[in-house]
Amino acid sequence: MTAPRTDWTRDEIAALFDLPFTELVFRAATVHRERFAADEVQLSTLLSIKTGGCAEDCGYCSQSASANSGVEATKLMDVQAVLQSAAQAKDNGSSRFCMGAAWRNPKDRDMPAIIEMVKGVRGMGLETCMTLGMLEPHQAQQLAEAGLDYYNHNIDTSPEKYAEIITTRTMDDRLDTLAQVRKAGINVCSGGIVGMGETRDDRVGVLHTLATLPSHPQSVPINALVPVKGTVLGDMLADPPLAKIDDVEFVRTVAVARITMPASMVRLSAGRESMSDAAQALCFMAGANSIFTGDRLLTAPNAGDDKDGALFARLGLKPMVAEEPRGCKLLREAAE
Ligand code: SAM
Ligand code: DTB
Ligand code: SF4
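## Points about the nonpolar core
Judged by nonpolar contacts, the single largest core of 87 residues is most densely connected at Ile-49, Met-130 and Phe-250. The biggest single contributor to this core is helix α10 (residues 247-260), with 7 residues. Excluding its chain neighbours within four sequence positions, the residues that come into contact with Ile-49 are Lys-75, Leu-76, Met-77, Val-82, Met-99, Gly-100, Ala-101, Ile-114, Met-117, Met-130 and Leu-132. Ranked by size, the runner-up nonpolar core spans 8 residues in total, among them Leu-46, Cys-98, Cys-129 and Tyr-150.

Now the structure itself:
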């Protein structure tokens, strides 16, 4: 099998988007089957370990201090409470536990508790993921030493559209953190959001940026904007001209992510709650092979385990069993 390409051009990616829908989905499904079992979907569960009051002004986010979403700001959760929640996620069949904090960046004084959370969750045999905002090199190193498996840091949109959505940081800031995470040897989780009023060319741009990184993110979440009242983008969606992303265009985005980043896990992420079973089935057909389970994302509602159980039964899908997580491998090697 050939190694994934990191030299995609924007024109090549645009040409994929332009394919007839059935041809695009067929190609993505073929690529999917070369490396994965097409009936297996990896399950991740999210927990907001520090909610709201964030200093960044991301126009989509309920947790920005600039939003008027009614989300209450909390302190960093207690380690034991996080571990309890992880145990419940494991009982519900999840293989990865993703902890998110509404921070521009973690402070050094927060790191000891964060490290305890990573160690505790990986000690349960779950893969660990953290999303804490921008990282300094020494913080990425600390997380790597704690055995963190994945760091989520989305680039969200195209380089051209970035400043329209977020003014408190740049795309280059985001790319710098991704480089620190890669350098520390932690797996990268990075994707984007569609349905923010972007053009097809912006969707090409976000996938081009991800697919031409020095190595592809191991996980690529494709989020559909969850419109939250009191956020810039949520309010724009409530009051046209900004319309919800079209299902067919969403599936095209998933398919192009699968074709351009064939070895990555492509996650059908936020926005599933408002998608029909048929639209989600098309996403799985187009190569999506991961979802967030549970009835909550970070602050927004998610489909929930009962609904997902029914969906999996209806589509004949099964949860993917994780290979030995990076963190557990480190634990085992240390014991040997
Ligand atoms: N503060 C950290 C950061 O921004 O990296 C971590 C948490 S932040 C909420 C994680 C990601 O959630 C964002 O990068 C964005 O892609 C996604 N997200 C946030 N609000 C969203 C929404 N309303 N709809 C879809 N995705 C959203
Ligand atoms: C990702 O790409 N999507 C998740 C996770 N990574 C951190 C977050 C979705 C957040 C949806 C809005 C909310 O719950 O507030
Ligand atoms: Fe803060 Fe992350 Fe929300 Fe942006 S997306 S406002 S950085 S919590």
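## Observations regarding the layout of surface pockets
Its volume calculated, the second largest pocket comes out at about 270 Å³. A per-element tally of the lining of the second largest pocket places strand β1 (residues 40-50) first, with 4 residues. Among the residues making up the lining of the second largest pocket, the classes are represented as 6 nonpolar, 7 polar and 3 charged.

## Regarding the pairing of strand β2 (residues 96-101)
Where burial is concerned, most of β2 is hidden: 6 out of the 6 residues are buried. Side chains Arg-96, Cys-98 and Gly-100 of β2 all project onto a buried face; the interleaved residues Phe-97, Met-99 and Ala-101 project onto the opposite face, where all are buried too. Following the backbone out of β1, through helix α3 (residues 79-91) and into the adjacent parallel β2, one traces a crossover that is right-handed. Pairing of β2 with strand β3 (residues 127-131) involves 5 bridges; the strand directions are parallel. Across the sheet, the residue bridging to Met-99 is Met-130, located in β3. In this view, the connection linking β2 to its parallel neighbour β3 by way of helix α4 (residues 111-123) has right-handed handedness.

## Describing the site of ligand 2
Around ligand 2, a shell composed of 13 residues is seen, among which Asn-154, Asn-223, Leu-298, Thr-299 and Ala-300 lie nearest. Contact distances for ligand 2 include 2.8 Å between an oxygen atom and a side-chain N or O atom of Asn-154. Measuring from an oxygen atom of ligand 2, one finds a backbone N or O atom of Ala-300 at 2.9 Å. When the free accessible area of ligand 2 is taken as 410 Å², the share hidden by the protein chains comes to 87%.

## Let's talk about the packing of α3 against α4
It is the contact of α3 with α4, at a shortest axis distance of 10 Å, that shows an interaxial angle of 30°. One finds that α3 runs roughly parallel with respect to α4. The hand of the α3/α4 crossing is right-handed. Listed contacts from α4 to Val-79, Val-82, Leu-83 and Ala-86 of α3 are Ala-113, Glu-116, Met-117, Gly-120 and Val-121.

The rules behind each value
Residues numbered from 1 in each chain as written. Chains lettered and ligands numbered in written order. Predicted model: local features only at pLDDT ≥ 70, side-chain atom pairs only at ≥ 80, totals over all residues. Heavy atoms only, no water. Core = buried A, V, L, I, M, F, W, Y, C linked by side-chain atoms within 4.5 Å. Buried < 20%, exposed > 50% of the residue type's maximum accessible area, 1.4 Å probe, protein only. Helix = DSSP H or I, 4+ residues; strand = E, 2+ residues; numbered from the N terminus. Contact = heavy atoms within 4.5 Å. 1 Å grid on protein atoms, 1.4 Å probe; cavity = no way out; pocket = protein on both sides within 12 Å on 5 of 7 lines; lining within 4 Å. Points joined across faces, edges and corners; volume = space filled by probe spheres on them. Nonpolar A, V, L, I, M, F, W, Y, C, P; charged D, E, K, R; others polar. Right-handed = clockwise from strand over helix to strand, strands pointing away. Pairing = 2+ DSSP bridges. Near = heavy atom within 4 Å. Polar contact = N/O pair within 3.5 Å; in protein donor to acceptor, adjacent residues only side chain to side chain. Areas by Shrake-Rupley, 256 points an atom, 1.4 Å probe, with all protein chains shown as cover. Axes fitted to C-alpha atoms, helices over the stretch in contact; angles between N-to-C directions. Parallel < 35°, antiparallel > 145°, perpendicular 65-115°, else oblique. Left-handed = near helix turned anticlockwise from the far one by under 90°.

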